[in-house]
Protein chains: 2
Amino acid sequence: MNTTSTPAQATALDSYRRAAIIGGGVIGISWAGLFLARGIDVVINDPRADIEDLVLAGLDEITPALAELGLPTENLTERLTFEADLATAVADVNIVQENGPERLELKQQIWQTIERAAPAHALLASSTSSIPATAIAKAMQQPERLIVGHPFNPPHLVPLVEIVPGKKTSAATVEQAKAFYTALGKKPQVLRKEVPGFVANRLQSALFRECVHLVAQGVVTEQELDEIVTASIGMRWAVGGPFRTFHLGGGPGGLPHFIEHLGRAMEANMWPALGNPTFDDTTVATLIDQAREAFGDGTVEELAADRDRAQIALMRALGETPDSGSAGRA
Amino acid sequence: MNTTSTPAQATALDSYRRAAIIGGGVIGISWAGLFLARGIDVVINDPRADIEDLVLAGLDEITPALAELGLPTENLTERLTFEADLATAVADVNIVQENGPERLELKQQIWQTIERAAPAHALLASSTSSIPATAIAKAMQQPERLIVGHPFNPPHLVPLVEIVPGKKTSAATVEQAKAFYTALGKKPQVLRKEVPGFVANRLQSALFRECVHLVAQGVVTEQELDEIVTASIGMRWAVGGPFRTFHLGGGPGGLPHFIEHLGRAMEANMWPALGNPTFDDTTVATLIDQAREAFGDGTVEELAADRDRAQIALMRALGETPDSGSAGRA
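Residues numbered from 1 in each chain as written. Chains lettered and ligands numbered in written order. Predicted model: local features only at pLDDT ≥ 70, side-chain atom pairs only at ≥ 80, totals over all residues. Heavy atoms only, no water.

Engineer: Explain the domain arrangement of chain A to me, using residue names and the numbers behind them.
Structural biologist: Interfaces are frequently sized by the accessible area removed from exposure as the parts join. All names here are of chain A. Domain assignment breaks chain A into domain 1 (7-198) and domain 2 (200-297). Each of domain 1 and domain 2 has a C-alpha centre, and these two points are 32 Å apart. With 9 residues of domain 1 at the contact, the number on the domain 2 side is 4 residues. Taken together, the connections running from domain 1 to domain 2 amount to 0 salt bridges. Linking domain 1 to domain 2 there are 2 residue pairs in polar contact (both at pLDDT 80 or more). Its residues assigned to classes, the side of domain 1 that touches domain 2 comprises 5 nonpolar, 3 polar and 1 charged. (Domains from an automatic or database assignment. Contact = heavy atoms within 4.5 Å. Salt bridge = Lys/Arg side-chain N within 4 Å of Asp/Glu carboxyl O. Polar contact = N/O pair within 3.5 Å; in protein donor to acceptor, adjacent residues only side chain to side chain. Nonpolar A, V, L, I, M, F, W, Y, C, P; charged D, E, K, R; others polar.)

Engineer: Explain the UniProt feature "domain: 3-hydroxyacyl-CoA dehydrogenase C-terminal" (unreviewed entry) in chain A to me, and be specific about the residues and the numbers.
Structural biologist: Mapped onto the present numbering, the UniProt feature "domain: 3-hydroxyacyl-CoA dehydrogenase C-terminal" (unreviewed entry) falls at residues 197-264 of chain A. Spanning residues 197-264 of chain A, this segment combines 78% helix with 0% strand, and its end C-alpha atoms are found 27 Å apart. (UniProt positions renumbered as here; feature names shortened; annotations may be inferred. Helix = DSSP H or I, 4+ residues; strand = E, 2+ residues; numbered from the N terminus.)

Engineer: How would you summarise the relation of the copies chain A and chain B if you had to cite specific residues and measurements?
Structural biologist: Note on the copies: chain A fits chain B at an RMSD of 0.0 Å, the axial shift is 0.0 Å, and the rotation between them is 180°. Within this description, the copies of the chain are treated as partners about a two-fold rotation axis. A shared binding surface is used by both copies, with 100% of the interface residues of chain A retained as interface residues in chain B. (Least-squares fit on C-alpha atoms with pLDDT ≥ 70 in both.)

Engineer: Can you explain the state of the cysteines? Please cite residues and give values.
Structural biologist: Applying the stated criterion to the full structure yields 0 disulfides over all chains. In this structure Cys-211 of chain B is a free cysteine whose sulfur lies 14 Å from that of Cys-211 of chain A, the closest cysteine sulfur available. Relative accessible area serves as the criterion here: at 0%, Cys-211 of chain B is assigned to the buried category. (Disulfide = S-S within 2.5 Å. Buried < 20%, exposed > 50% of the residue type's maximum accessible area, 1.4 Å probe, protein only.)

Engineer: Would you mind going over the UniProt feature "domain: 3-hydroxyacyl-CoA dehydrogenase NAD binding" (unreviewed entry) in chain A in detail, with residue names and values included?
Structural biologist: Under the feature "domain: 3-hydroxyacyl-CoA dehydrogenase NAD binding" (unreviewed entry), the UniProt entry names residues 19-193 of chain A. Along residues 19-193 of chain A, the helical share is 38% and the strand share 21%, with 27 Å between the first and last C-alpha atoms.

Engineer: Residues and numbers for the sheet that holds strand β6 (residues 146-151) of chain A, please.
Structural biologist: Residues and elements named next belong to chain A. Here we have 8 strands laid out as an open sheet, ordered β3-β2-β1-β4-β5-β6-β7-β8, and mixed in their pairing. Edge positions in the sheet fall to β3 (80-82) and β8 (187-190), since each has one partner strand and no second. When strand polarity is set aside, the average angle formed by the axes of neighbouring strands in this sheet is 25°. Bridging between β6 and strand β7 (residues 160-165) involves 5 bridges; their strand directions are antiparallel. When the sheet's bridge partners are listed, His-150 is paired in β7 with Glu-162. Packing of helix α2 (residues 26-37) onto the sheet brings it into contact with β1 (18-22), β2 (41-45), β3, β4 (95-98), β6 and β7, and relative to β1 it is tilted by some 170°. (Pairing = 2+ DSSP bridges. Axes fitted to C-alpha atoms, helices over the stretch in contact; angles between N-to-C directions.)

Engineer: Summarise the pairing of β4 of chain A; cite the residues concerned and give the values.
Structural biologist: Residue and element names in this part refer to chain A. Neither face of β4 is open: one carries Ile-95 and Gln-97, the other Val-96 and Glu-98, and all of them are buried. Examined bridge by bridge, β1 and β4 share 4 bridges and lie parallel to one another. Its bridge partner being in β4, Ile-21 is matched across the sheet by Gln-97. For β4 and strand β5 (residues 123-126), the ladder comprises 4 bridges, and the chain directions are parallel. By the bridge assignment for β5, Val-96 is matched with Leu-124. A crossover links β4 with its parallel partner β5, the connecting element being helix α5 (residues 104-117), and its sense is right-handed. (Right-handed = clockwise from strand over helix to strand, strands pointing away.)

Engineer: Please provide a residue-by-residue account of unusual backbone geometry, values included.
Structural biologist: Residues and elements named next belong to chain A. In this structure, the amide linkage connecting Asn-153 to the following residue, Pro-154, adopts the cis form with an omega of -10°. By the secondary structure assignment, Pro-154 is in the loop between β6 and β7. At Asn-75, a residue that is not glycine, the phi angle is positive and equals roughly 55°. Looking at where Asn-75 falls in the secondary structure, it is placed in the loop between α3 (51-68) and β3. What makes Asn-75 partly exposed here is its relative accessible area of 48%.

Okay, structure coming up:
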């Protein structure tokens, strides 16, 4: 479970001196902060007039978390530049991480420009959470070069990156993406098929459907449900994941015993009983009222900072924070 | 998030000198270990001839985790007794925690005996995960006394206890249960309605349905899925719960913004796309094969010990372990 950089990983990262971040929103800023803290020069491409102010303010916000992760954070912005022309921005980089709006035609257009302008060796990755590489790459000359590198928000903090190859993505690109994100200190997972929502968001969405149902039915409030999750399954899944948890829940017989004795009962009794809520007016009003009650005491920014601190403490306890000794290259 | 015992909690626990544990299986043993470590004398009632050996072996297994939680574990079994007659076992206790088989008629019968034999002040709680207190209490003279205190396995380690009052359970019993489990260092949550599976198991079941689907469809293996969960949503939900996570995921607009912009898209695109797997022969064979590959290197016991150590480290990082200074009363 330890993601401390090894010498081999540091070497792998050595070939990534310069990155282009396309789109300087929340995800782009988070990637930029992590890349910079890992010693990679970053150029940001975003058409907005006030992009420099937005990015600098965003980097200020995440710097404490980067520091708590043990990464070097001094003079980060000295290696940060902005370039409004997309082709120029990617002309001399080793990695392009695109975080544009989730619109297929726009992404197709962006990537047609990038593949013509970026060096042949550059890793070409989209952060998209919903558009398959196969669809984006349809308009590309070299579809084998494009891959989805979907982070779990925020990328500078949450280890997961879902690597989702399109139908034409080459094996070499998959390996390159895996090596890069691993060297960056992330925990990449390569999916074997392109499915809507990939994996983490599908799972999140499945659980959330039942959460909305239970609150809408008045079984628990949002706050009570959150407390139930943190005090049980959240804690479990942070250390073991659902299959391992049920393997251990099956006693000496493990998962086979679990499936036979509890899984079949789950299929027969529990799955059909799960809720099918909708975001109708009554439900939305309930959810918003309870959110005000549960989370109204702090701004989202303050609450997020609290959450990030707790999460870094958890990561440190599980040996999941980067090794600051091998992280910097400055 | 800190559950360290306060003086008030220690006082609350002082009125629980003696507990009857009905059923000495995995759950009963875990409760017994925790009760003993918290200074409560325990009598175990279980009809099996070899119950003493089973319980003593089980207590040996969980003692390291109790110690790592910071609880006193010396001479625990000096305050442990066994009593094969149910009425005698509960005659002089402050709390009855029943962990019998999940069969309604059997539980009804057990509880009819208990309510006649237990002192009037005793807290009467069932660990049942599937039978509502309303149904069990139908055969009782004083249904207002029975409550469900459903732990998340194993009770000595996972903080959650779902308190689920039946239709006739009195408010006083609810308060008594809440005070007792809190004093014990647990994180009780009172549900507002009796629903099948209560809350934690419903949520677990909703997520697991999609896990089985994704593995059956070949999108990921069990091990890959577990790694995706631990590196993303598990970590998130250990510190924040799903509503808080999405409140913070909504940016400055919080949960209302999340629902409007992402929740509705989730309802329209993701929920209908979630899987509906069955434990058919092919799926079960896949699940078992992959479990062997993923978890075959250690016994369930060894893997569970690893998991428990990681979980205690996580709990310590989040300030969720009991305060050993105020925990013991010996």
